[in-house]
Amino acid sequence: MTSSEWQKSSYSAANNDCVEVRTVNGLVELRECDDGEIIVRTTPAKFAKFLQGAKAGEFDHHGDFAS
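These numbers come from a predicted model, not from an experiment. (Residues numbered from 1 in each chain as written. Predicted model: local features only at pLDDT ≥ 70, side-chain atom pairs only at ≥ 80, totals over all residues. Heavy atoms only, no water.)

Chemist: Help me understand the state of the cysteines, please; the structure alone is not making it clear to me.
Modeler: Each disulfide consists of one covalent bond between the sulfur atoms belonging to two cysteines. Counted by the stated rule, this structure contains 1 disulfide. In this model Cys18 forms its disulfide with Cys33; the gap between the sulfur atoms is 1.7 Å. Measuring the twist about the S-S bond at about -80°, one finds the Cys18-Cys33 disulfide to be left-handed. Pair noted here: Cys18 is in the loop between β1 (7-8) and β2 (19-24) and Cys33 is in the loop between β3 (27-32) and β4 (35-42), with a separation of 15 residues, a long-range link. With respect to class, Cys18 is no different from Cys33; both count as buried. (Disulfide = S-S within 2.5 Å. Helix = DSSP H or I, 4+ residues; strand = E, 2+ residues; numbered from the N terminus. Buried < 20%, exposed > 50% of the residue type's maximum accessible area, 1.4 Å probe, protein only.)

Chemist: Could you clarify how one ought to interpret the pairing of β2 in this entry?
Modeler: Each regular strand displays side chains that alternate between the two surfaces of the sheet. As paired strands, β1 and β2 are joined by 2 bridges and run antiparallel to one another. In the strand pairing of β2, Gln7 is matched with Val21. In terms of strand pairing, β2 meets β3 through 6 bridges, oriented antiparallel. The partner of Arg22 across the bridge, within β3, is Glu29. With antiparallel pairing between neighbouring strands as the criterion, β2 and β3 make up a hairpin whose turn holds 2 residues, including Asn25 at a positive phi of roughly 50°. (Pairing = 2+ DSSP bridges.)

Okay, structure coming up:
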């Protein structure tokens, strides 16, 4: 079983306001730092497409940038 440690963005600093990511058995897993019981799994290709959209600002309107 191939597994990696959960990785948290450096933008999160020491806060638990983050999403963590890792790869396990050829899939990408995502979870919230403060609720690790719920894990979303997807393929690396689908995750890459999501990251492309995020980097391009496609999902910015969903964020709360006031806080």
